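Chain by chain, the residues:
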Amino acid sequence: MKTVTVGNVTIGAGLPKIIVPMVGKNKKELLTEAKLIQTLDCDLVEWRIDFFEQVQDAQAVAAFSHTLKTLLEKPLLITFRTKKEGGVHELSDNDYFALYQTILTEGALDLLDVELFMPEKQVAETVALAHQNAVQIIMCNHDFDQTPEKNEIVTRLQAMQNKGADICKIAVMPQSSADVLTLLEATREMHEEHAEVPLITMSMGALGMISRVSGQLFGSAATFGSAATASAPGQVPVAELRKMLTTLQLT
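Okay, so let's go over this structure. Within each chain, residue numbers correspond to sequence positions counted from 1 in written order. Reporting of local features is limited, given that this is a predicted model, to residues whose pLDDT is at least 70; pairs of side-chain atoms are given and counted only at 80 or more, and all residues count toward the totals for whole chains, interfaces and linings. With hydrogens and water set aside, each side-chain value is computed from the structure's full complement of heavy atoms.

Moving on to the side chain of Thr82. Its location among the elements puts Thr82 in the loop between β5 (76–79) and α3 (93–106). What Thr82 contacts, discounting residues up to four positions off in sequence, is Gly87, Tyr96, Glu115 and Met118. Strands are runs of DSSP state E lasting at least two residues, helices are runs of H or I lasting at least four, and both sets are numbered from the N terminus onward. It only takes one pair of heavy atoms within 4.5 Å for two residues to be counted as in contact.

Here's what the structure looks like:
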């Protein structure tokens, strides 16, 4: 399996890497978040631009990414999460890809989040443009209602890989402890039998919290921890998350 190196961080080797989301609505809130993140023991930062009030101004997003990248001094993942997958702002598919095109050509970032179930042609064009600009793609899928069957989870992860993802990510909502086991078993199977790139998988909410700290055992290469505000249910504060990952480290 390939690893993915961004800056001085290698995803897919050693302990799962900690990604902290930024969810500020404006530049002032984002700068405050960035200063807090500077004090945290995390590996990467995700800027959730769907929270950003100026997200429909692509040039403003691209310009401010340079400010954040310089301030944070950590690898930066930029994500527009669509409303259908749990985001806070609505964009048409064409506007989503136009925004990403501007970010890739004018912004400063290391990774870009692209959703699996967006139109195939535009996904392929975005993946190609990202790679031309030395940006890695995290392709993802989120199900906030349920946990699909194990084979479906594996199928979706394989589809991401086949579409050129550098990292494949899936997040699902458990209704029972059995659902959490389904996610973990799907992760193990994908990792051991099919994966050519790193995986990020999680079962959300309190029920699924164990999946956020057991990645090294089952094959998930990164996990999301909260700084001030969590961007998804079940995220663990960064300081606690680092302790858990270290305690559970495989020797």
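There's plenty left to go through after this.
Here we take up the packing of aromatic side chains. Aromatic pairs are defined between Phe, Tyr and Trp rings, using the six-membered ring for Trp, whenever the two ring centres lie within 6.5 Å; interplanar angles under 30 degrees are classed as stacked, those over 60 as edge-to-face, and all others as tilted. One pass over the full model with this rule turns up six aromatic pairs. Residues Trp47 and Phe52 carry aromatic rings whose centres are separated by 5.4 Å and whose planes lie at 65° to one another, so their mutual orientation is edge-to-face. Ring centres 6.0 Å apart and planes at 80° place the aromatic pair Phe80 and Tyr96 in the edge-to-face group. On the criterion of sequence distance, the pair formed by Phe80 in the loop between β5 and α3 and Tyr96 in helix α3 is long-range, its members being 16 residues apart. The same class applies to Phe80 as to Tyr96, namely buried. Relative accessibility decides the category of a residue: with a 1.4 Å probe and only protein chains considered, values under 20% of the type maximum give buried, values over 50% give exposed, and everything between is partly exposed.

For any two helices packed against each other, the geometry comes down to the angle between their axes and how far apart the axes lie. Two elements in contact, helix α2 (residues 58–72) and α3, have axes whose closest approach is 9 Å; the angle formed by their N-to-C orientations is 35°. Considering only the axes of α2 and α3, their crossing is right-handed. In this structure, α2 uses Ala58, Gln59, Val61, Ala62 and His66 to contact α3, whose residues at the interface are Leu99, Thr102, Ile103 and Glu106. Each axis is a line fitted through C-alpha atoms, and for a helix only the stretch in contact is used; angles between axes span 0 to 180 degrees, taken between their N-to-C directions. Two helices crossing with the near one rotated counterclockwise from the far one by less than a right angle form a left-handed crossing, whereas a clockwise rotation gives a right-handed crossing.

Turning next to unusual backbone geometry. A positive phi angle, close to 55°, is found at Glu73, a residue other than glycine. The residue Glu73 is located in the loop between α2 and β5 in this model. For Ala134, which is not a glycine, the phi torsion comes out positive at approximately 60°. With respect to the helices, strands and loops of the structure, Ala134 is situated in the loop between α4 (120–132) and β7 (136–143).

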